Amino acid sequence: MPGFPSPILQPEQLSVSFTQTKKNPYETYYFTQILDHFNYNPQSYQTFQQRYLMNDTYWGGARNRSPIFVYTGNEGDIEWFAQNTGFMFETAPRFQALLVFLEHRFYGESVPFGGDKKVAYKNASTLGYLSSMQALADYATLILDLKKNLSALDSPVVVFGGSYGGMLAAWFRLKYPHVAIGALSSSSPILYFENITSPNSFNNIITRDFRSESENCYKVIKGSWQEIEDTADRPGGLELLQKSFRVCKNYISASALEGWLRTAFTYTAMTDYPTPSNFLSPLPAYPVKEMCRAIDNPTVNDTFGKLYGAANIYYNYTGTATCFDLLDHSDPHGLDEWSWQACTEMIMPVGGNSKESIFPESEWNYDARASFCKDNYDVVPRPTWITTEYGGHDIGRVLKRFGSNIIFFNGLRDPWSGGGVLKNISESIVAIVAEKGAHHVDLRFSTNEDPEWLRDVRRREVEIIDKWLSQYYQSLT
């Protein structure tokens, strides 16, 4: 089931300078949220506790009308996202901003039905309350209540988000312009619906990333899939694969091994950051380059040894793993319920492969998705709903007529960038594109090793946000 990144280890470490500023980077609060914003039947009025995090270290206060920067939470534990969004912490002092991180319903601790996940995740009758529309309404309701409680009705709100959270940030600005004056939408593939973007685009970009480092690297990966299957079909072949890839002895199959390798290549391309990271797993700077270096190693002659060396960079850069469990589907940050969203509204046609792809040639299959959703949830996907609710077709022409104050950032090494907004739509709906950028790299904590292009991206984002705020304050006079 296609989805956004699933972290398998620890969140990014907060910068030393920030952790020294305050012992706890945020305080945790809970808001009594309504279950259903769009109906008036008795069950709609049930409530649940929605978690949010807040940091007021630098806030100038309601009296000064200081801004409120809000992160529109993704499909997982909000603490993980807060700890990976250094840009907000680092820009708060300049703007004297209050920082708020909102957790998405059905994820983390923000689980309806008394917080009982067995009940909440049981079937479509309860999971039916999990949708982007309900989440956006949650965010609007919480923000307005928070501003009222802080006597900060004139404090402007800017929303931030990356990946699915970036999609929510952009959609929030469009749906609730009276709540947020602007949105920074990073690596948000809002055009990956209804074949607006080619189903081959995602894997085409992964292919381009690896091929740009080494033609041999590309050829080795591209030719490996058939070699794995041929080996698995031979007597003793699975044992050879198990030994070659240090797979734990509990399970091995060709398809499981291929999925394990595909995950490594995909997530490494997404997080091909210019500095060492620990977002999805511990990785060196420019990990795609490092993978290709392992594959191109002249001292390793066999294909499986080369692939193992590459996969080891993603799964075992710390060198602590003794074997790899292909059945390990642990979910430490609680992202599993994304599969429900991917079966209802988030029908994103990714996964097709052209003849040039490093993965086996294939077509994206809607029927296979629909069959999965029927079997697992007894639900029929609605592939046209997102574009009906939020738009997407002819987005330049449409948003130019009524939208404003949105930054769309995309790094072209990120496979999701194929479904992003890559051109300016108007003077205030701006696309910032970084040729060497990866998945929401702009939102990460800065380091002394950041390349100049990344510093320029962040400077430009700050300048645009500053302009939005200046225009807002001028409108109050």
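For the structure itself, look to the data block above.
I will try to describe carefully the structure that is included in this document. As a convention, each chain's residues are numbered from 1 in the sequence order in which they are written. Since the coordinates come from a predicted model, pLDDT governs what is reported: local features require at least 70, and pairs of side-chain atoms require 80 or more to be given and counted, while whole-chain, interface and lining totals use all residues. Think of the side-chain values as coming from all heavy atoms in the structure, minus any hydrogens and water.

Here we come to the packing of helix 8 (residues 201-213) against helix 12 (residues 287-295). Angles shown run from 0 to 180 degrees and are taken between the N-to-C directions of axes, each axis being a line fitted to C-alpha atoms and, for helices, limited to the stretch in contact. Each helix is a run of H or I in the DSSP string that is no shorter than four residues. Each strand is a run of E no shorter than two, and both are numbered from the N terminus. Two elements in contact, helix 8 and helix 12, have axes whose closest approach is 9 Å; the angle formed by their N-to-C orientations is 60°. Looking at the two axes, helix 8 sits oblique to helix 12. Here the hand of the crossing between helix 8 and helix 12 comes out right-handed. Taken together, the residues of helix 12 that come into contact with helix 8 (itself represented by Asp209, Phe210 and Glu213) are Val288, Lys289, Met291 and Cys292. Basically, the charged four are Asp, Glu, Lys and Arg, the nonpolar ten are Ala, Val, Leu, Ile, Met, Phe, Trp, Tyr, Cys and Pro, and anything else, Gly included, counts as polar. Split into classes, the residues belonging to the contact of helix 8 with helix 12 amount to four nonpolar, no polar and three charged. An angle below 35 degrees is read as roughly parallel, one above 145 as roughly antiparallel, one from 65 to 115 as roughly perpendicular, and any other as oblique. By convention, the crossing between two helices is left-handed when the near helix turns anticlockwise from the far helix through less than a right angle, and right-handed when the turn is clockwise. Residues are treated as being in contact if the distance between any of their heavy atoms lies within 4.5 Å.

What follows covers the environment of Gly115. Structurally, the position occupied by Gly115 is in the loop between strand 4 (98-102) and helix 4 (117-120). On the basis of relative accessibility, which here comes to 41%, the residue Gly115 falls in the partly exposed class. Taking the C-alpha atoms as reference points, Gly115 and Gly61, 54 residues apart in sequence, are found 33 Å from one another. Here's how the labels work: a residue is buried when its accessible area is under 20% of the maximum for its type, exposed when over 50%, partly exposed in between, all with a 1.4 Å probe on protein chains only.

A separate point is the nonpolar core. Nonpolar side chains in soluble globular proteins tend to end up buried together. Formed by 147 residues in total, the largest nonpolar core has its most connected members in Trp171, Phe172, Phe210, Phe245, Leu257, Leu261 and Phe265. Those residues in contact with Phe245 that sit more than four places away from it in its chain are Leu257, Trp260, Leu261, Phe304, Leu307, Tyr308 and Phe324. Working definition of a nonpolar core: buried Ala, Val, Leu, Ile, Met, Phe, Trp, Tyr and Cys residues. They are joined through side-chain atoms within 4.5 Å.

With 19 residues, helix 9 (residues 215-233) extends 28 Å from end C-alpha to end C-alpha; this agrees with the ideal 27 Å at 1.5 Å per step. A bend of about 35° at Ser224 is the largest found in helix 9. Those residues of helix 9 not exposed but buried are Cys217, Tyr218, Val220, Ile221, Ser224, Trp225, Ile228, Thr231 and Ala232. Where helix 9 is buried, its residues meet helix 8, helix 10 (237-244), helix 11 (254-270), helix 12 and helix 13 (303-315). The distance from a side-chain oxygen at the start of helix 9 to the backbone nitrogen of Asn216 is 3.3 Å, and the residue carrying that oxygen is Ser214. Any helix carries an expected span of 1.5 Å times its number of residues minus one. Bend, at a single residue, is the angle you get between axes fitted to the 7 residues ending at that residue and the 7 residues starting at it. Whenever a nitrogen or oxygen atom comes within 3.5 Å of another N or O atom, the pair is scored as a polar contact, on the condition that within protein one atom can donate a hydrogen and the other can accept it, and that pairs from neighbouring residues in sequence are kept only if both atoms are in side chains.

We now examine helix 11. Helix length check: helix 11, at 17 residues, gives a terminal C-alpha distance of 24 Å against a target of 24 Å (1.5 Å per residue), a fit within 8%. With 13 of 17 residues buried, helix 11 is to be regarded as a mostly interior element.

Let us now look at the sheet that holds strand 7 (residues 406-411). A pair of strands is labelled paired if DSSP reports no fewer than 2 bridges between them. The eight strands are arranged 1-2-4-3-5-6-7-8 in an open sheet whose pairing can be described as mixed. Looking at which strands have only one partner, the edges of the open sheet turn out to be strand 1 (27-34) and strand 8 (429-434). Within this sheet the neighbouring strands show an average axis-to-axis angle of 20°, counted without direction. With five bridges joining them, strand 5 (residues 157-162) and strand 6 (residues 182-186) adopt parallel strand pairing. By the bridge assignment for strand 6, Val158 is matched with Gly182. Seen against the sheet, helix 18 (residues 452-476) touches strand 3 (68-72), strand 5, strand 6, strand 7 and strand 8 and runs at an angle of roughly 170° to strand 8.

The subject of this paragraph is the state of the cysteines. When two cysteine sulfur atoms are found within 2.5 Å, that pair is recorded as a disulfide. For the coordinates displayed, the defined rule picks out three disulfides. Here Cys343 engages in a disulfide with Cys373; their sulfurs sit 2.1 Å apart. Between Cys343 and Cys373, the disulfide has an S-S torsion of -85° and is therefore left-handed. With a gap of 30 residues between them, Cys343 in helix 14 (residues 338-344) and Cys373 in helix 15 (residues 366-377) connect regions that are remote in the sequence. Cys373 gets classed as buried once you look at its relative accessible area, which sits at 0%.

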